[in-house]
Amino acid sequence: MQTAGFSSLNAWFTARRTEILDRIEQELGARHPLLQQSAPPEQLRAMRGRFFDGFLLALRERRSDVLAEPLGVVLLARIQAGLSLEEALSIVGIVRRIFLRPLIQAVTENVEGADTAATFVDEVLDLATTRVAALHAESLARAQAALVHSEDQHRWLWQRLPAMMHSIDAEGRLCMVNDQWLATLGYTAEEVLGRRSSEFLTPESARYAREEVLPAFYRTGRCDNVLYQMICKDGRLLEVMLSAIAERDATGKVVRSQAVLLDVTERQRVERALQESESRYRDLVELSPDGVAVLRKGRILYINRSGARTLGYEDSAALVGREITEFSPAAERDGLRARVAQVEARRGPIKAQGDAFLARDGRVVRVETVGAPVLYEGAPALQIVFRDVTERRHAEEAARRSAMQEEVIRAQEEMLRALSTPLVPLGEGLLLMPLVGTVDRARAEQIRTALLEGVAAHRAAVVILDVTGVPAMDEAVVGAVVGGARAAKLLGAHVLVTGLSAAAAQALVSLGVELGGIVTYANVRDGIAAARRRIERAPIR
């Protein structure tokens, strides 16, 4: 384009710069408001100004690529940001219309170079359109290649995931299964694809899927953690937890599902064993003759039947939620509350100790209590076991009183024995043992024992056995006298017998008893006098 002609056209366009830029802003804003919101207003205004200056430069240099290339790149960026190809071409049409209108006016005003410039604008915008379409095609091809690559990667990953996965179509037939699914159940792909997924479920699981799970799945588009039993190729039963989502077509109809299955066979076995163990434990607790209760912050969370009956209740539920201290005597209530709080705080066991509860009817029930920290319903708690020892305590108290009574009786017997076999010292080397009352074999033994102990303790040389108070002389009395005398003689003491009455002497004769050298005297006075004479003649040991 000639320089003089361009100068006229450049001046003509420069004079209308503001008008053209405002028209671009208005028409693009009306047709493509999101484009106007892609940057701050000042930045958009500067971009429109640079585009106008680029147009004049391209017009002067007669180079359509100077304007078409950057315009195509900008539009492609907008396409990649979400603008459709149709919208991008619409923008090109708006730009064409905005620049051609003033050029047509310039032609009518005989502005030099206006007609040539109109042809140039068409060339620029046709080139920009072609460039946008080409760039869009290249971008679309790259996106399609990336999508294919992504799908291949997804398929590869899906196939090799360590979790079991399958996909079923709208008719419930398996259309995809991954390697882990096949390896776990023991099948090949040829043996399962095209078959209904319910064929690999136990009858009970198939009925559950058909009647409950699938209707809800088709309605909501998903199912979570559904427990099924599947049949392996070798006949083994496999327990799985299935979660699935639905893929729908444009009409909203489910066309296929994607499901993940977790093998929970071992977990289910452990859970069943745990439930059975808990059931057995609960049965044992309920059948226990001892009271068992679980407390948290002093409140009863659970109590067995024996515990409820100990407190006077038939229904355990009537005690749940109440404080254990409600059943403690008033004098012991604060101590029990403090002890429970202390044990719960330090999480230590309760050693066996005595407590008291107030039963519903007002009785005081004595118990022995032990306890330990436990987890109850997922939170820390305190379990106590208490045994009613009221009867045992009564028996122990009765036994204690009986023992005390026996001790008193023994003391009384000892006192009676001491009174029944008294030893009276009458001076150095002389003892007197007056016998009173009936003498039996047991008392005869006591007499001998007391006599010997007295001789040894007092170093007696002579002992006087006075039988004045014995009502009848029989074998037991004679045995006590004779046996005691002989034993005393072995210890070096001489025994005298006093108080023999005529009847006693007659009885001895009738019994044919020989006193074996034992000297007798009629009364104690004579015996004492004889004993003293004997002591005076013989030295004291």
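This text gives an overview of the structure that appears in the document.

Parameters and conventions
One numbering rule holds for all chains: residues counted from 1, following each sequence as written. Residues qualify for local features only when their pLDDT is at least 70, as the model is predicted, and side-chain atom pairs are given and counted only at 80 or more; totals for whole chains, interfaces and linings, by contrast, use all residues. Where side-chain values are given, they derive from all heavy atoms of the structure, hydrogens and water being excluded. Helix numbering and strand numbering both begin at the N terminus, where a helix is a DSSP run of H or I of at least 4 residues and a strand a DSSP run of E of at least 2. Exposure categories follow from relative accessible area, calculated using a 1.4 Å probe and restricted to protein chains: below 20% of the type maximum is buried, above 50% is exposed, and the middle band is partly exposed. We get accessible surface area from the Shrake-Rupley algorithm with a probe of 1.4 Å; when it comes to residues, only the shown protein chains can shield them. When DSSP locates at least two bridges between a pair of strands, those strands are taken to pair. It only takes one pair of heavy atoms within 4.5 Å for two residues to be counted as in contact. The convention used is that axes are lines fitted to C-alpha atoms, helices contributing only their stretch in contact, and that angles between N-to-C directions extend from 0 to 180 degrees. We define a polar contact as two N or O atoms separated by no more than 3.5 Å, with the added condition that, inside protein, one atom must be a possible hydrogen donor and the other a possible acceptor, whereas residues neighbouring each other in sequence contribute only through side-chain atom pairs. Both cavities and pockets are sets of points on a 1 Å grid over the protein atoms alone; in a cavity a 1.4 Å probe fits but cannot get out, in a pocket the set is open with protein on both sides within 12 Å along at least five of seven lines, and lining residues sit with an atom within 4 Å of a point. Grid points are joined across faces, edges and corners, and a volume is the space filled by probe spheres set on the points. Amino acids are sorted into nonpolar (Ala, Val, Leu, Ile, Met, Phe, Trp, Tyr, Cys and Pro), charged (Asp, Glu, Lys and Arg) and polar (every other residue, Gly among them). Side-chain rings of Phe, Tyr and Trp (the six-membered ring for Trp) are treated as a pair once their centres are within 6.5 Å; stacked means planes under 30 degrees apart, edge-to-face means over 60, and tilted covers the remaining angles. The labels follow the angle: roughly parallel below 35 degrees, roughly antiparallel above 145, roughly perpendicular from 65 to 115, and oblique for the rest. Crossings are assigned a handedness: left-handed for a near helix turned anticlockwise from the far helix by less than a right angle, right-handed for a clockwise turn. The salt bridge definition used is simple: a Lys or Arg side-chain nitrogen within 4 Å of an Asp or Glu carboxyl oxygen. Nonpolar cores were defined as sets of buried Ala, Val, Leu, Ile, Met, Phe, Trp, Tyr and Cys residues, with membership established by side-chain atoms within 4.5 Å.

## A short note on the overall build of the protein chain
Part 1 of the reasoning: Scanning the protein chain from terminus to terminus reveals 18 helices and 15 strands.
Part 2 of the reasoning: A buried classification covers 38% of the 541 residues belonging to the protein chain.
Part 3 of the reasoning: Taken as a whole, the protein chain presents about 30800 Å² of accessible surface, with 55% of it coming from carbon and sulfur.

## Digging into the sheet that holds strand β13 (residues 462-469)
Part 1 of the reasoning: Spatially, β11-β12-β13-β14-β15 is the arrangement adopted by the 5 strands of the open sheet, whose pairing is mixed. Edge strands, defined here as strands with exactly one partner in the open sheet, are β11 (424-425) and β15 (519-521).
Part 2 of the reasoning: Of the pairings in the sheet, the one linking strand β12 (residues 430-436) to β13 comprises 6 bridges and is parallel in character. Bridging across to β13, Met433 finds its partner in Leu465.
Part 3 of the reasoning: Running over the sheet, helix α15 (residues 441-458) touches β11, β12 and β13 and is turned about 165 degrees from β12.
Part 4 of the reasoning: Strand contacts of helix α18 (residues 524-537): β12, β13, β14 (494-498) and β15, with the helix running at about 175 degrees to β13, the strand carrying the most contacts.

## Examining the side chain of Asp290
Part 1 of the reasoning: Considering the arrangement of structural elements, one finds Asp290 in the loop between α11 (265-287) and β6 (291-296).
Part 2 of the reasoning: Using a relative accessible area of 14% as the deciding quantity, one classes Asp290 as buried.
Part 3 of the reasoning: Only 2.9 Å separates the side chain of Asp290 from the side chain of Arg387, close enough to count as a polar contact.
Part 4 of the reasoning: Setting aside residues up to four positions removed in sequence, Asp290 forms contacts with Asn304, Ser306, Val385, Phe386 and Arg387.

## Brief notes about the layout of surface pockets
Part 1 of the reasoning: If you add up the space inside the second largest pocket, you get close to 400 Å³.
Part 2 of the reasoning: Ile168, Ser197, Ser198, Ala209 and Leu214 are the residues nearest the centre of the second largest pocket, which is lined by 24 residues in total.
Part 3 of the reasoning: The greatest single-element share of the lining of the second largest pocket, amounting to 7 residues, is contributed by helix α10 (residues 203-220).
Part 4 of the reasoning: Residues of the lining of the second largest pocket, tallied by class, amount to 16 nonpolar, 5 polar and 3 charged.

## Points about the packing of aromatic side chains
Part 1 of the reasoning: Counting across every chain of the model gives 6 aromatic pairs.
Part 2 of the reasoning: Arranged with centres 5.7 Å apart and planes meeting at 65 degrees, the rings of Phe217 and Tyr218 form a pair that is edge-to-face.
Part 3 of the reasoning: You can call Phe217 buried: its relative accessible area is 4%.
Part 4 of the reasoning: Overall, Tyr218 belongs to the partly exposed group, its relative accessible area being 33%.

## Points about the packing of α15 against helix α16 (residues 475-490)
Part 1 of the reasoning: Axis separation between α15 and α16 bottoms out at 9 Å; the angle between their running directions is 20 degrees. Taken as axis vectors, α15 and α16 run roughly parallel relative to one another. With respect to the hand of their crossing, α15 and α16 are arranged in right-handed fashion. The residues of α16 that touch α15, namely those facing Arg441, Ala444, Ile447, Arg448, Leu451, Leu452 and Val455, are Ala476, Gly479, Ala480, Gly483, Gly484, Ala485, Ala487 and Ala488.
Part 2 of the reasoning: In terms of residue class, the contact of α15 with α16 is built from 10 nonpolar, 3 polar and 2 charged.

## Things to note about the pairing of strand β3 (residues 222-231)
Regular strands place side chains that alternate from one sheet face to the opposite one.
Part 1 of the reasoning: The pairing of β3 with strand β4 (residues 237-248) spans 8 bridges and is classified as antiparallel. Among the inter-strand pairings, Cys223 is bridged to a residue of β4, identified as Ala244.
Part 2 of the reasoning: Adjacent in sequence and paired antiparallel, β3 and β4 are bridged by 5 residues, among which Gly235 carries a positive phi angle near 95 degrees.

## Considering the sheet that holds β4
Part 1 of the reasoning: Here we have 5 strands laid out as an open sheet, ordered β2-β1-β5-β4-β3, and antiparallel in their pairing. The open sheet has two edge strands, β2 (174-177) and β3, and neither has a second partner. Within the sheet, the average angular offset between the axes of one strand and its neighbour, ignoring direction, is 30 degrees.
Part 2 of the reasoning: Here α11 sits on the sheet in contact with β3, β4 and β5 (254-263), set at roughly 120 degrees to β4.

## A short note on empty space enclosed by the protein
Part 1 of the reasoning: Using the criterion set out here, one finds 3 cavities of 30 Å³ or more in the structure.
Part 2 of the reasoning: Put simply, the largest cavity is a space of about 100 Å³.
Part 3 of the reasoning: Leu295, Ile324, Leu336, Arg339, Val340, Val343, Ile350, Gln353, Asp355, Phe357, Thr369 and Ile384 together form the lining of the largest cavity.
Part 4 of the reasoning: Of all the secondary structure elements, the ones that give two or more residues to the lining of the largest cavity are α13 (330-346) and β8 (350-358).
Part 5 of the reasoning: Class assignment of the residues belonging to the lining of the largest cavity gives a composition of 8 nonpolar, 2 polar and 2 charged.

## Comments concerning the pattern of salt bridges
Part 1 of the reasoning: A complete count under the given rule lists 22 salt bridges for this structure.
Part 2 of the reasoning: With its nearest N and O atoms 3.6 Å apart, the salt bridge here joins Glu314 to Arg309.
Part 3 of the reasoning: Its salt-bridge partner being Arg448, residue Glu445 comes within 2.6 Å of it at the nearest N-O pair. Here the residue Glu445 and the residue Arg448 both occupy positions in helix α15, the gap between them amounting to 3 residues, near one helical turn.

## Topic: the nonpolar core
What tends to happen in soluble globular proteins is that the nonpolar side chains get buried as a cluster.
Part 1 of the reasoning: Counting residues in hydrophobic clusters, the biggest one holds 30 residues, and the most contacted among them are Leu9, Phe13, Phe99 and Leu103.
Part 2 of the reasoning: At the level of elements, α1 (3-15), α2 (17-31), α4 (41-61), α6 (85-108) and α7 (114-160) are the ones that each hand at least two residues to this core.
Part 3 of the reasoning: With 9 residues, the single largest contributor to this core is α6.
Part 4 of the reasoning: Apart from residues no more than four positions distant in its own chain, Phe99 is found in contact with Phe13, Ile20, Ile24, Phe51, Phe52, Phe55 and Val121.
Part 5 of the reasoning: Ranked by size, the runner-up nonpolar core spans 29 residues in total, among them Leu431, Leu465, Val478 and Val481.

## A closer look at the environment of Pro329
Part 1 of the reasoning: Mapped onto the fold, Pro329 is located in the loop between α12 (305-310) and α13.
Part 2 of the reasoning: Between the C-alpha atom of Pro329 and that of Ala356, which follows or precedes it by 27 residues, the distance is 6.9 Å.
Part 3 of the reasoning: Residue contacts for Pro329: discarding those within four places in its chain leaves Ala356, Phe357 and Leu358.

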